[in-house]
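# Geometric and topological summary
Here's the letter readout for the chains.
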Amino acid sequence: MSFTYRECKIQIERDKFDKKDIYAAWVNYDRGCAIAVPYAVNPTEAIRKSKLWIDKKLIQD
C-alpha cells in the first residue's frame, strides 16, 4: 500500500514475525528515503507513525 502525504510517498510493507503480521513504513521524499517506522502491529499504526515522522523530521527543516 502506498499513498502521498505532504509531497512524500509513504509505502507500508507487511511481513511476518513469529507467525504474526508486522508492518513497516518507508518514506520517499525529495532528498532520499528512510524507514520511518521499522515496526508496527497494524497498518493504521504504521500510517499514523509515518505521518508523525514526516511532520517532525521533514516539515520542521
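Use the structure listed above.
The following refers to the structure shown.

Reading the values: the criteria
- Residues numbered from 1 in each chain as written.
- Predicted model: local features only at pLDDT ≥ 70, side-chain atom pairs only at ≥ 80, totals over all residues.
- Heavy atoms only, no water.
- Core = buried A, V, L, I, M, F, W, Y, C linked by side-chain atoms within 4.5 Å.
- Buried < 20%, exposed > 50% of the residue type's maximum accessible area, 1.4 Å probe, protein only.
- Helix = DSSP H or I, 4+ residues; strand = E, 2+ residues; numbered from the N terminus.
- Contact = heavy atoms within 4.5 Å.
- Salt bridge = Lys/Arg side-chain N within 4 Å of Asp/Glu carboxyl O.

### Focus on the nonpolar core
Counting 16 residues, the largest nonpolar core has Ile10, Ile12, Val27, Ala46, Trp53, Ile54 and Leu58 as the members making the most contacts within it. Taken together, the elements giving at least two residues each to this core come down to strand E2 (8-17), strand E3 (20-29), strand E4 (32-40) and helix H1 (43-59). For this core, the element with the highest residue contribution is H1, accounting for five residues. Excluding residues that lie within four positions of it along the chain, valine 27 makes contacts with Cys8, Lys9, Ile10, Gly32, Cys33, Ala34, Ala36, Ser50, Trp53, Ile54 and Leu58.

### Here's the deal with the pattern of salt bridges
Scanning the entire structure with this criterion turns up four salt bridges. Measuring nitrogen to oxygen at the nearest pair gives 3.3 Å for the salt bridge that ties arginine 6 to aspartate 55. Pair noted here: arginine 6 is in the loop between strand E1 (2-5) and E2 and aspartate 55 is in helix H1, with a separation of 49 residues, a long-range link. The exposure class assigned to arginine 6 is partly exposed, which follows from its relative accessible area of 46%. The salt bridge involving lysine 16 is made with aspartate 21; its shortest N-O contact spans 2.8 Å.

### Digging into unusual backbone geometry
Not every positive phi belongs to a glycine, and arginine 6 is a case in point at roughly 50°. A positive phi angle, near 50°, is found at aspartate 18, a position not held by glycine. Within the secondary structure layout, aspartate 18 lies in the loop between E2 and E3. With a relative accessible area of 62%, aspartate 18 lands in the exposed category.

### Examining the environment of methionine 1
Looking at where methionine 1 falls in the secondary structure, it is placed in the segment before E1. Under the relative-accessibility criterion, methionine 1 is labelled exposed at 58%. Each C-alpha atom, one on methionine 1 and one on glutamine 11, is 5.9 Å from the other, the two residues being ten residues apart in sequence. The residues touching methionine 1, leaving out its near neighbours within four places in the chain, are Ile10, Gln11, Ile12, Pro43 and Ile47.

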